[in-house]
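Descriptive analysis of the structure
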Amino acid sequence: MQHPPKYWIHGQLTPANVAMLPVTDLAFTRSYAAFESVRTYDGVPFLLNDHLERLRRTCQRMFIPLKDSDRRIAALVYQTLEANDFPESLIRIYVTGGTTTGFIPEGDQRLMILVDPLKPFPLRQYEEGIAVATSKLTRILPEAKSTDYMSGVHSTIEARAKGFDEVVFVNQRGAILEGTTFSVFAVLPRSLITPDQGVLWGVTAAHVENIAGKCGWEVKRKAITPAILARCKEVFITSSNRELIPVTRIEQTVIGDGKPGKVTRQLHSAYIDSALE
């Protein structure tokens, strides 16, 4: 019989099947919490310090006091990983708005660390690429990684009913901003383009940008406009649990020749090498 994962919650390790959050917490009543997702390679959290730095920035923007230091949170992450001992794990770190008698945080934030077995994305997506729908729904405070995913969940349900794999948000001019839970890159003949306005700063995207520079690519941070999309040869998405997944169609627009491209494959391979160093 497989035992349930153990989570760090309320200052102790607790089996997942009995871990509870008070219904009076703002994370439940108002979807008000900050979080990060981190995956492991060979059991080691990848880019953990970068994720914790972004978590602190998110908490500051959301006016949620983060009482624990990055060093302590990292130690608790490793403690929770050791308690579970999965081959590879997905780690989710939450800082909630806490119990409140009103509408805003009152300083009673809660730290939760959830460790579960890593579930890889379908191999088909890496080998064949994915089809992506677009949505003009907007995210509130997009530069903060919060648990408010109403627009993403709603858009994804609609898109998958139409046969798409994922959704990207676009602005009123049709320029691609970001995905529901991922960053977007467009590949031009001499450069890569990834948006920098109205999006969450991507930890994985920043690492991909660094890798691309070492591979000889110039990375430009600007909007992926319809004109750029019409000229690009490849598009790929990035996130910590996805790594790099090629996009072969956005709505009815076929990207390049409709197959995953060599640049995406090259960067994905370099990304994995960097994670296993």
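Everything below is about the structure shown above.
To start, this report covers the structure provided alongside it. (Residues numbered from 1 in each chain as written. Predicted model: local features only at pLDDT ≥ 70, side-chain atom pairs only at ≥ 80, totals over all residues. Heavy atoms only, no water.)

So, the sheet that holds strand β3 (residues 33-41)
- With antiparallel pairing, the 6 strands of this open sheet are ordered in space as β2-β1-β6-β5-β3-β4. Of all the strands in the sheet, just β2 (12-15) and β4 (44-45) have a single pairing partner and so form its edges.
- Bridging between β3 and β4 involves 2 bridges; their strand directions are antiparallel. Following the sheet pairing, tyrosine 41 is matched in β4 by valine 44.
- The strands touched by helix α2 (residues 48-61) are β3, β4 and β5 (89-96); relative to β3, the strand with the most contacts, the crossing angle is about 175°.
- Across the sheet, helix α3 (residues 70-84) touches β1 (6-9), β2, β3, β4, β5 and β6 (111-117), and the angle it forms with β6 is around 35°. (Pairing = 2+ DSSP bridges. Helix = DSSP H or I, 4+ residues; strand = E, 2+ residues; numbered from the N terminus. Contact = heavy atoms within 4.5 Å. Axes fitted to C-alpha atoms, helices over the stretch in contact; angles between N-to-C directions.)

Describing the pattern of salt bridges
- Enumeration according to the criterion identifies 12 salt bridges in this entry.
- A salt bridge links arginine 39 to glutamate 243, with the shortest nitrogen-to-oxygen separation between them at 3.4 Å. With arginine 39 in strand β3 and glutamate 243 in strand β14 (residues 243-250), this pair connects stretches of sequence that are 204 residues apart.
- Its relative accessible area of 8% is what places glutamate 243 among the buried residues.
- Notably, a salt bridge pairs glutamate 178 with arginine 139, separated by 2.6 Å at the nearest N-O pair. Remark: arginine 139 occurs in the loop between β7 (130-135) and α5 (150-161) and glutamate 178 occurs in strand β9 (residues 176-179); sequence separation between them is 39 residues. With respect to class, glutamate 178 is no different from arginine 139; both count as buried. (Salt bridge = Lys/Arg side-chain N within 4 Å of Asp/Glu carboxyl O. Buried < 20%, exposed > 50% of the residue type's maximum accessible area, 1.4 Å probe, protein only.)

Overview of the pairing of β6
- Of all the 7 residues making up β6, 6 are buried; the element is thus mostly covered by neighbouring parts of the structure.
- Examined bridge by bridge, β1 and β6 share 2 bridges and lie antiparallel to one another. Bridged to tryptophan 8 within β6 is isoleucine 113.
- Across 7 bridges, β5 lies against β6 in antiparallel orientation. Residue arginine 92 lies in a different strand from β6, and its bridge partner there is leucine 114.

As for the nonpolar core
- Counting residues in each nonpolar core, the largest one holds 23 residues, and the members touching the most others are Val77, Ile91, Ile93 and Ile113.
- When residues of this core are traced back to their parent elements, those giving at least two are β3, α2, α3, β5 and β6.
- Looking at which element gives the most residues to this core, the answer is α3, with 5 residues.
- Leave out the neighbours within four places in its chain, and valine 77 touches Pro45, Leu48, Ile91, Ile93 and Ile113.
- The next biggest cluster of nonpolar side chains, apart from the first, holds 21 residues, and it includes Val132, Leu188, Ile237 and Ile255. (Core = buried A, V, L, I, M, F, W, Y, C linked by side-chain atoms within 4.5 Å.)

Some words on the packing of aromatic side chains
- For the structure on display, the rule yields 5 aromatic pairs.
- Ring centres 5.7 Å apart and planes at 85° place the aromatic pair phenylalanine 46 and tyrosine 271 in the edge-to-face group. One end of the pair, phenylalanine 46, is in the loop between β4 and α2; the other, tyrosine 271, is in helix α8 (residues 262-275), and 225 residues separate them in sequence.
- Judged by relative accessible area, phenylalanine 46 falls into the buried class, the value being 12%.
- Overall, tyrosine 271 belongs to the buried group, its relative accessible area being 1%.
- Each residue in the set Phe35, Tyr94 and Tyr149 is aromatic and connected to the rest through ring pairs, giving one cluster. (Phe/Tyr/Trp six-rings, centres within 6.5 Å; stacked < 30°, edge-to-face > 60°.)

Some remarks on the side chain of arginine 242
- Residue position: arginine 242 is located in the loop between β13 (234-239) and β14.
- Arginine 242 sits in the buried class, given a relative accessible area of 4%.
- Here the side chain of arginine 242 touches glutamate 166 through a polar contact of 3.1 Å, side chain to side chain.
- In this structure, arginine 242 is in contact with Phe121, Tyr126, Glu166, Thr181, Phe182 and Ile237, ignoring residues within four places of it in sequence. (Polar contact = N/O pair within 3.5 Å; in protein donor to acceptor, adjacent residues only side chain to side chain.)

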